[in-house]
Amino acid sequence: MPQWGVIEQGAHVEMTVMKFNINGKSVTVDGDPSMPFLWAVRDLVGLTGTKYGCGIEICRACTVWVDGSPEKSCDMSASEAVGRTITTIEGLSATPAGAKLQQAFIDLQVPQCGYCQSGMLMAATRLLSGGGVPSDAQIDSAIGNICACGTYPRVKAAIKKAAGAGTPVTTPTTKPTTTTTTTRSTTTTTRATTTTTRPRATTTTTRPKATTTTTKPKTTPTTTKTTTTRGDD
Amino acid sequence: MSKQTTTTTSEYAFGRRAFLGGSATVIGAFVLEAAPATKIAEAIGAAQVAAGANTAVNGWIAINADNTATISFGGAEMGQGIMTGLAQAAAEELGMSWSQIHTQAAPAAQGYVTGGSYGIRGHVDQMRVAGAQAQAVLVSAAATAWGVSPSACSVANGIVTNTATGATQTFAQLASAASTLTPPASPTLKSPSSFGIMGTSAPRTDIPNKVDGSAIFGIDVVVPGMVYAAIKNCPTVGGTVSGTPAVPAGASAVVPLGNAVAVVASNTWAAMQAARNLSVTWSVPAGNQSISSASLLADAQSLMATGTPGTPIELQAGDAPGAFAAAPKKVEATYQVPYLPHVYMEVLNCTVSITPTSCEIWASTQAPAWIQATAAAMTGLDPSAVTVHATLLGGGLGRKIELDYVIQAITIAKTIGKPVKLTWSREEDMSHDQYRPAALMRVRLGMDDAGSVTSYGVRHVSQSPLFQRGWTGPTGNDNTDGAADVAYQFPNALVEYVMQKSPVPVGFWRSVGVSMNCFAVESAIDEAALLAGKDPVAFRRTLLAGKSRELAVLNKAADMIGWSTPAAAGVGRGIAFSNGFGSLAAVAVEVTKGGTGGTMAVKNVAFAVDCGFAVNPNQVEAQIQGGIIQGVTSALWGQTTFSNGQASSRNFSNSRMLLMRETPAITVAIIQSGIDKIGGIGEVGVPPIAPAMANAWAALTGTRARTLPFYPGATMSD
């Protein structure tokens, strides 16, 4: 955990020239060597894909690779990054597993706000770098990242898809392929009014629209997809 | 290597203004923004600098030289996909394929507040009209060139075809001529049965940049010559700085901001570190230092017992107290929910550059137009000299409707005379939130011997975000949403709101009042069903008799969880219904004692929603998935407590968040009853989760949990 040391009045903050190897390129910056690499890469190097979330090694939004291993960049000083091989989200597409995962994240429309997704992808790519299809437990163990939007089900599905686990459980932009049930909307004329002081809106005749539901076995801790029969354009 | 956010490489990127010049021609400049006069907007607008009517006549659609279109977006894209959804609406009527569509942020004057799950339903018609108007002038231009009637032309994929000769012209070829024509005021819109883009799960335009690090959030903005600021807010509510501290080493300036002090340095880390270690003397109003969760609760309990309800009474029908007194069976229970921080991933931030003649602001904001008006007032510049770049938001959840952090950044920039980016630390963000109010809600349900509900009463005590912002209207307000507007039918009903007052800052949290009242009402309905010896789903069906849409949603959720068959051993099932934001929702959940130390774990969630029409079903599903997960997190662990006038939340260390390994299996069913009933979706996923969990836990254990969160004090180490 980074230490918030007290700066004494008048104390001189030491600046050091540091040479980083980031995404296969050499970058030289002049800065405080005790600064967490998170802030060095964002403010000094100018690669802002690596995100600040908590600064205390919990949320993992700041995950980068150091010599191929996912590390929380808020927990590593800038000086510690010198001489190491650093990969950030901006360099992820150069790795085969990274490119596959990025495409899977697009295909399954994984990100919502997107802020945590850099860290998610750095962690997920490392999981797939060795090949093979990870189990649910392995994915759960590898992805300890916090996502406030709740993209977890789709992240998991995307990891499986990128790993070649066959038809993903969630197929947001394609038509459902498994069993379907149909929910027909109801057609109402005038809604019943209640005995309340607030007026109830009346509704008009509606166009029934079929929806299609993909059902799932309860035991599988993954998300299934319900979508309308209208396909993607 | 610094980064210019105003010249990003992707056409999808935010903040890009290329359509105002270059090869793009604006042709859709015809739409008058009808400001959604929501209660929230009115109230905050009154309390902040007058923001004007937010009525802009401006362009939404530009045709590019490569025969693509760039569709502007006036709201806040914080992951809910409305930038895409609204572009789908415009593209549908415009007559281009989705692959020809780009999106970008509109100028602030054209923007609107994004809140109340209003983004799609409040603007979808506007964008459809914009698309139809654009198509009309494009067709008109082609028809004139060919000397034929517009009715002799057809449109597909951005190409106008002369149906008699087969001649074609692209939109790009026609755009210049079309831009000089006057569009029809009320163009004919397509029938939903012929939609090809609306109603499809069109891929979101903002996603590709979110997987490679190139998406620009507010916190990523870099402008030439800028410095970095961090904040130290007064730890105690209502306190102000007394005397300006000396500039510490490693920093270049200290700027007093009333209730906070900013520290300016050459990078974010240095600024945050100096701010954290800064010693500041604060002046705190008498009494504020003694504010605690206990004192706030005691105050609420006193108001519950003897407080005077606001007028007009929120809901009054028949004689609820009399019917309750006479009822042979009755449930009376008081439910309690906590102050809640918003806890999005991107902390508050704002970048400001001011010159004698201009002010430019980049902000992660839900209210760009308010920023423009506020900055104009603060700088003395005309609003036209204020440019607001609404960046992508790393979540907002209602907090980024506020302007406190923006006003701070403007003040800092004015004071130091340099462009500045202000970034709050996570600790400052969580401990100086504008929290979802805590609430006490007493529910009284009287039943006859047969178990029919004869009396419904809710007495709700909480702070009012609206009144804290200077709202002077009737007490009818967001706080009783979910109680005063229930779908259930009761012969006698009384819903009262008793306002609690406190300096604790409260605000609008995803689903606002419904997040509080749905927990109380749906828990109490469950308690009544059990008292009456009735199945909770059947009990609700009776209360919704004749309401076919509501019944369809309730039955769908029950069916998906397998309600008609017994739950497995060790599994408890619960159900809850919710209506709000123009949509209907029901959720059935299964819980076990599989959490740490035998605590509640949510295993399966089946959610049915009728939002009328899903512009993008995939994104409706995503919003419900996310709402469920936020709902579970909040119900299990979410809270802020107060002691010595200070909020407890600091970081994720003491604000536990659900992780992937704890995420239940989620199934979402979308029922579409018609585009005329289009409802909101962003907040709809949250409210029914907590009561469904409480109901399931009661079914499993026999223990009724009436206080949220279920497990206070949880940490990420648990």
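Predicted model only: the values in this text are computed from it and were never measured.

J.: Outline the overall build of chain A, listing residues and values.
T.: If you tally the helices and strands in chain A, you get 6 helices and 8 strands. Written out in order from the N terminus, the α and β elements of chain A read β-β-α-β-β-α-β-α-α-α-α-β-β-β. Carbon together with sulfur atoms contributes 53% to the accessible area of chain A, which is approximately 9,400 Å² in total.

J.: Describe in detail the overall build of chain B, supporting the description with residues and values.
T.: Within chain B one finds 16 helices and 29 strands. A globule of 718 residues ought to have a C-alpha radius of gyration of about 27 Å, and chain B, at 27 Å, matches this closely. When its C-alpha atoms are laid out on the principal axes, chain B stretches across 80 × 70 × 45 Å. For chain B, the proportion of its 718 residues judged to be buried stands at 66%.

J.: Which residues make up the packing of helix α6 (residues 152–162) of chain A against helix α15 (residues 617–637) of chain B, and what values go with them?
T.: Two quantities define a packed helix pair, namely the angle between the axes and the distance from one axis to the other. Interaxial distance between α6 of chain A and α15 of chain B falls to 9 Å at its minimum, and their mutual angle equals 115 degrees. Across the interface between the two elements, Tyr152, Pro153 and Arg154 of chain A from α6 of chain A touch Asn618, Gln619, Glu621, Ala622, Gln625 and Ile629 of chain B from α15 of chain B. Here the residues of the contact of α6 of chain A with α15 of chain B are counted per class, giving 4 nonpolar, 3 polar and 2 charged.

J.: Tell me about the sheet that holds strand β21 (residues 439–447) of chain B, and please be specific about residues and values.
T.: Residues and elements named next belong to chain B. Read from one edge to the other, the open sheet built from 5 strands follows the order β15-β23-β22-β21-β16, with strand pairing classed as mixed. Looking at the sheet topology across the chains shown, the edges are occupied by β15 (315–317) and β16 (329–337). Strand after strand, the sheet turns through a mean of 15 degrees between neighbouring axes, direction not considered. Pairing geometry for β21 and strand β22 (residues 453–463), over 9 bridges, is antiparallel. From the neighbouring strand, Leu440 faces β22, where its bridge partner is Val461. Contacting β16, β21 and β22, helix α12 (residues 512–531) crosses the sheet at an angle of about 150 degrees to β16.

J.: Any details on the packing of aromatic side chains? Residues and values, ideally.
T.: For the structure shown, the criterion picks out 10 aromatic pairs over all chains. A centroid spacing of 5.0 Å and a plane angle of 45 degrees characterise the contact between Trp39 of chain A and Tyr52 of chain A, whose relative ring orientation is tilted. Residue Trp39 of chain A is located in helix α1 (residues 37–45), and its partner Tyr52 of chain A is located in the loop between α1 and β3 (63–66); the two are separated by 13 residues in the primary sequence. Residues Trp39 of chain A and Tyr52 of chain A agree in their burial class; the two are buried. Ring geometry for Tyr488 of chain B and Phe577 of chain B: centres 6.1 Å apart, planes at 45 degrees, overall tilted. With Tyr488 of chain B in the loop between α11 (465–468) and β23 (493–500) and Phe577 of chain B in strand β24 (residues 572–580), the pair connects residues that are 89 residues apart, well separated along the chain. Overall, the relative accessible area of 3% leaves Phe577 of chain B in the buried class. Through a chain of ring-to-ring contacts, three or more aromatic side chains come together here, namely Tyr456, Tyr488, Phe490 and Phe577 of chain B.

J.: Summarise the pairing of strand β19 (residues 386–390) of chain B; cite the residues concerned and give the values.
T.: Residue and element names in this part refer to chain B. Burial within β19 is extensive, with 4 of its 5 residues counted as buried. The pairing of strand β18 (residues 358–363) with β19 spans 5 bridges and is classified as parallel. By the bridge assignment for β19, Ile361 is matched with Val388. Note that the unit made of β18, helix α8 (residues 368–379) and β19 has a crossover that is right-handed.

J.: Tell me about the sheet that holds strand β26 (residues 601–610) of chain B, and please be specific about residues and values.
T.: Residues and elements named next belong to chain B. Strand order in the open sheet made by the 4 strands is β24-β25-β26-β29, with mixed pairing throughout. Unpaired on one side and paired on the other, β24 and β29 (665–671) mark the two borders of the sheet. Looking at each pair of strands side by side, their axes are set apart by 15 degrees on average, direction ignored. Two strands pair when backbone bridges link them, and strand β25 (residues 583–592) and β26 are joined in this way by 9 bridges, in the antiparallel orientation. Of the residues in β26, the one forming a bridge with Ala585 is Val609.

J.: Explain the pattern of salt bridges residue by residue, including any values.
T.: All names here are of chain A. This structure, assessed with the given rule, holds 27 salt bridges over all chains. For Asp136, the salt bridge identified is with Lys160, shortest N-O distance 2.5 Å. In this pair, Asp136 is assigned in helix α5 (residues 136–142) and Lys160 in helix α6, connecting sequence segments 24 residues apart. With a relative accessible area of 17%, Lys160 lands in the buried category.

J.: Break down the nonpolar core for me, citing the residues and quoting the values.
T.: Core analysis: the biggest nonpolar cluster contains 181 residues, and Phe20 and Ile146 of chain A together with Tyr456, Phe652 and Phe710 of chain B have the highest contact counts within it. In terms of residue count, the dominant contributor to this core is α12 of chain B (10 residues). Of the domains in this structure, domain 2 (218–285 + 348–423) and domain 3 (293–340 + 435–701) of chain B are the two that each give at least three residues to this core. Contact partners of Tyr456 of chain B, with chain neighbours within four places excluded, come to Leu315, Ala320, Arg444, Leu445, Ala483, Val486, Phe490, Asn492, Ala493, Leu494, Val495 and Val521 of chain B.

J.: Can you explain the domain arrangement of chain B? Please cite residues and give values.
T.: Residue and element names in this part refer to chain B. Annotation of chain B at the domain level lists domain 1 (11–212), domain 2 (218–285 + 348–423) and domain 3 (293–340 + 435–701). The partner domain 3 presents 24 residues to the 26 residues of domain 1 that form the contact. Both faces considered, domain 1 and domain 3 share a buried interface measuring about 1,900 Å² in area, 64% of it formed by carbon and sulfur atoms. The interface formed by domain 1 and domain 3 holds 0 salt bridges in total. At the junction of domain 1 and domain 3, the tally comes to 8 residue pairs in polar contact (both at pLDDT 80 or more). Counting residues per element, the ones that place at least two in the side of domain 1 that touches domain 3 are α1 (39–47), α2 (82–94) and α3 (124–146). It is α1 that provides the largest number of residues to the side of domain 1 that touches domain 3, a total of 6 residues.

Rules used throughout
- Residues numbered from 1 in each chain as written.
- Chains lettered and ligands numbered in written order.
- Predicted model: local features only at pLDDT ≥ 70, side-chain atom pairs only at ≥ 80, totals over all residues.
- Heavy atoms only, no water.
- Helix = DSSP H or I, 4+ residues; strand = E, 2+ residues; numbered from the N terminus.
- Areas by Shrake-Rupley, 256 points an atom, 1.4 Å probe, with all protein chains shown as cover.
- Rg over C-alpha atoms; globule rule 2.2 N^0.38 Å.
- Buried < 20%, exposed > 50% of the residue type's maximum accessible area, 1.4 Å probe, protein only.
- Axes fitted to C-alpha atoms, helices over the stretch in contact; angles between N-to-C directions.
- Contact = heavy atoms within 4.5 Å.
- Nonpolar A, V, L, I, M, F, W, Y, C, P; charged D, E, K, R; others polar.
- Pairing = 2+ DSSP bridges.
- Phe/Tyr/Trp six-rings, centres within 6.5 Å; stacked < 30°, edge-to-face > 60°.
- Right-handed = clockwise from strand over helix to strand, strands pointing away.
- Salt bridge = Lys/Arg side-chain N within 4 Å of Asp/Glu carboxyl O.
- Core = buried A, V, L, I, M, F, W, Y, C linked by side-chain atoms within 4.5 Å.
- Domains from an automatic or database assignment.
- Buried area = accessible area lost by both parts, 1.4 Å probe.
- Polar contact = N/O pair within 3.5 Å; in protein donor to acceptor, adjacent residues only side chain to side chain.

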